Amino acid sequence: MADPRTGRVRLGSATGRWVLLSTVLGSGMAMIDGTAVNVALPRIGIDLDAKLSALQWAVNAYMLTLAGLILLGGSLGDRYGRRKVFLTGVAWFALSSALCGIAPNAELLIAARALQGVGGALLAPGSLAIIQSAFRPDDRASAVGAWAGLGGVAGAVGPVLGGWLVGGPGWRWVFFINLPLAAVVVVAALRHIPESRDDTATGRFDVPGAALAALALGSLTFALTVASTQPASAAWAAGIAIVLGTVFIMVERRSPAPMVPLGLFSSRLFSVVNIVTVLIYGALGGVIFFLVLQLQVTAGFSPLLAGLALLPLTLLMLAFSARAADLGKRIGPHIPLTAGPVVAGIGVLLMLRVGPGASYWTEVLPAATVLGAGMTLLVAPLTATVLDSVDNRRAGTASGVNNAAARTGSLLAIAALPSLVGLSGSEYQSRTAVDAAFHGAMWTCAGLLAAAGLLAWFGIRAGVGAPENSDAVCVSCSLSVPPPAATR
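Worth saying up front: this structure is predicted, and the values here are computed from it rather than measured.

Concerning the overall build of the protein
- When you go through the protein residue by residue, the secondary structure sums to 16 helices and zero strands.
- In terms of C-alpha radius of gyration, the protein reaches 21 Å, essentially the compact-globule figure of 23 Å for 488 residues.
- Taking the principal axes of the C-alpha coordinates as reference, the protein spans close to 60 × 50 × 45 Å.
- When burial is assessed residue by residue, the protein has 58% of its 488 residues classed as buried.
- For the protein, the exposed area adds up to about 18600 Å²; of that, 66% sits on carbon and sulfur atoms.
- The protein carries 30 positive and 21 negative side-chain charges, and their two centres are separated by 4 Å.

In structure tokens form, the structure reads like this:
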């Protein structure tokens, strides 16, 4: 948490508005790309003559480096300067976006997406840290709320903007659009954002831990992606992932400043909620990945209309997350974290009605609305419970671990689901093959959500509340990950 003495900007001032704009645009770039790229996948595959595994990696390469390095990115900002690291991340993200946009083949696109994730890991944690350190103490709560609300709008815009760009100037502009946004951020940040750092931050960075985590996740992702087509390679990769995961645990136990303090998991509540998070966001990642394929390949929707299909989810979370947080504060997380996944699972099962000739209004919208209602009910109480399950001084780290858990769940689901439902190669261009795979994927995702609800019912005791930390949850929640911890 930033030293209150460093806060010196008024939210209502011109400088305050520029600080807010810079941080929202910076984090918004990463958020928009995280959702817009999904809508572009079918066109990317056709244009680059890519197999389905390459499309999986186009999504997962970004999430892999982002999830593996985001905790390290926050630590670098605290030590070397939050503005400096934030701007480094923005510039890195812009340059890698340009590489994505000019990629002549799938292999170079995947490599550029991995570089994009590194940039995202540097800029994402810095945006909130700058908000908390730059503003005066009495303006911080309002500034965080404005940052969260505008960031939620960016998340809502992502799929729609992606669909419009793909159907208009082309999928490469999903990446090129980051260049002018980054230029605005760099100029505004250099002129208006004050530098800040944590003067108490000392010791070494846990670079070995970050590298081992990323390599272990990468090996496991590879194993799941090729399981149906290259079983021998998948077995070797799974074995490597187990070895790397074991070494990671040993390194974290011995590190004086571990990236993931394993002592956090001594809290039963913290462990249970993070498993629930992996299941929920694994299901959500699988739904989004397969839904855009089903809508464009099987139902014949345009990219723009496919992007609009995801809009109800985000709009519901924008409108009602604060009320869901209040509900969790009154009754505790037991009921919301049980009922929310169940309601979301019903929404996923309603998507089984989406097929050839589907109507947006009668098939897609009702399913997306029910899914969004379930996610709205659970996300804010989930984050509040994570924060309340650990000591107050570890809330920021706990929030970062939970954020990484959500990304890991989505990463693994996108890697594993196509193999589980028998979709591979160029079959994603076949209406019949995609329709059959979509039905299998929706049943699997509904099962993951049901498992999350059951685990919450039995693993989170009735009567457990989050009275201290419900107010710390951002006023609006993102579709892709749980909201980060805010100043309390």
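Resuming the write-up.
Here we look at the packing of aromatic side chains
- Scanning all chains against the criterion turns up six aromatic pairs.
- Ring centres of Phe-265 and Phe-270 lie 5.1 Å apart, and the angle between their planes is 65 degrees; on these two criteria the pair is classed as edge-to-face.
- Assessed through its relative accessible area of 35%, Phe-265 is described here as partly exposed.
- Classification of Phe-270 by relative accessible area gives buried; the value is 0%.
- With centroids separated by 5.3 Å and ring planes inclined at 90 degrees, the aromatic side chains of Tyr-360 and Trp-361 adopt a geometry described as edge-to-face.
- Since its relative accessible area comes to 14%, Tyr-360 is described here as buried.
- Taking the relative accessible area as the measure of exposure, Trp-361 reaches 63% and is therefore exposed.

Things to note about the nonpolar core
- The biggest cluster of nonpolar side chains holds 132 residues, and the ones touching the most others in it are Ile-280, Phe-290, Leu-371, Met-375 and Met-442.
- Per element, the largest residue contribution to this core is 17 residues, and it comes from helix α10 (residues 268–298).
- Phe-290 has contacts with Leu-417, Pro-418, Val-421, Leu-423, Ala-437, Phe-438, Ala-441 and Met-442, leaving out every residue within four places of it along the chain.

Let's talk about the pattern of salt bridges
- Across all of its chains, the model carries five salt bridges by this definition.
- Where Asp-138 meets Arg-10, a salt bridge forms, and the shortest distance between an N and an O atom there is 2.8 Å. With Asp-138 in helix α5 (residues 137–167) and Arg-10 in the segment before α1 (14–48), this residue pair connects regions lying 128 residues apart in the sequence.
- You can call Asp-138 exposed: its relative accessible area is 53%.
- Among the charged side chains, a network of salt bridges with common partners joins Arg-10, Asp-138 and Asp-139.

A look at a nonpolar patch on the surface
- Judged by side-chain polarity, Ile-331, Ile-335, Leu-454, Trp-457 and Phe-458 come together as a nonpolar surface patch covering roughly 540 Å² of accessible area.
- The element that contributes the greatest number of residues to the nonpolar patch is helix α16 (residues 431–459), accounting for three residues.
- Structurally, Ile-331 is set in helix α12 (residues 311–331).
- Residue Ile-331 is classed as partly exposed on the basis of its relative accessible area of 41%.

Focus on the side chain of Thr-376
- With respect to the element layout, Thr-376 can be found in helix α14 (residues 360–388).
- There is a polar contact of 3.4 Å between the side chain of Thr-376 and the backbone nitrogen of Met-317.
- Those residues in contact with Thr-376 that sit more than four places away from it in its chain are Leu-316, Met-317, Phe-320, Ser-321 and Ala-324.

Focus: α5
- For α5, which comprises 31 residues, the first-to-last C-alpha distance of 45 Å matches the rise-based estimate of 45 Å (1.5 Å per residue) to within 8%.
- Remark: the principal bend of α5, roughly 35 degrees, maps to Val-157, with a proline, Pro-159, within the next four residues.

Structural notes on the packing of helix α2 (residues 52–80) against helix α3 (residues 82–102)
- For the pair α2 and α3, the least separation of the axes is 8 Å and the interaxial angle reads 150 degrees. Looking at the two axes, α2 sits roughly antiparallel to α3. Across the interface between the two elements, Tyr-62, Gly-73, Leu-76, Gly-77, Asp-78 and Tyr-80 from α2 touch Arg-82, Lys-84, Val-85 and Phe-93 from α3.
- Of the residues belonging to the contact of α2 with α3, the class tally is five nonpolar, two polar and three charged.

Quick notes on the side chain of Ser-196
- Among the structural elements, Ser-196 can be located in the loop between α7 (178–192) and α8 (207–225).
- At 2.8 Å, the side chain of Ser-196 and the side chain of Ser-133 are in polar contact.
- In contact with Ser-196, other than residues within four places in its own chain, are Gly-77, Gly-81, Arg-82 and Ser-133.

What counts and how
- Residues numbered from 1 in each chain as written.
- Predicted model: local features only at pLDDT ≥ 70, side-chain atom pairs only at ≥ 80, totals over all residues.
- Heavy atoms only, no water.
- Helix = DSSP H or I, 4+ residues; strand = E, 2+ residues; numbered from the N terminus.
- Rg over C-alpha atoms; globule rule 2.2 N^0.38 Å.
- Buried < 20%, exposed > 50% of the residue type's maximum accessible area, 1.4 Å probe, protein only.
- Areas by Shrake-Rupley, 256 points an atom, 1.4 Å probe, with all protein chains shown as cover.
- Lys, Arg positive; Asp, Glu negative; His and termini not counted.
- Charge placed at Lys NZ, Arg CZ, Asp CG, Glu CD.
- Phe/Tyr/Trp six-rings, centres within 6.5 Å; stacked < 30°, edge-to-face > 60°.
- Core = buried A, V, L, I, M, F, W, Y, C linked by side-chain atoms within 4.5 Å.
- Contact = heavy atoms within 4.5 Å.
- Salt bridge = Lys/Arg side-chain N within 4 Å of Asp/Glu carboxyl O.
- Patch = residues over 30% accessible without salt bridge, like charges linked within 9 Å, V, L, I, M, F, W, Y side chains within 5 Å.
- Polar contact = N/O pair within 3.5 Å; in protein donor to acceptor, adjacent residues only side chain to side chain.
- Expected span 1.5 Å × (residues − 1).
- Bend = angle between axes of the 7 residues up to and from the residue.
- Axes fitted to C-alpha atoms, helices over the stretch in contact; angles between N-to-C directions.
- Parallel < 35°, antiparallel > 145°, perpendicular 65-115°, else oblique.
- Nonpolar A, V, L, I, M, F, W, Y, C, P; charged D, E, K, R; others polar.

Distances and angles like these do not, on their own, reveal function.
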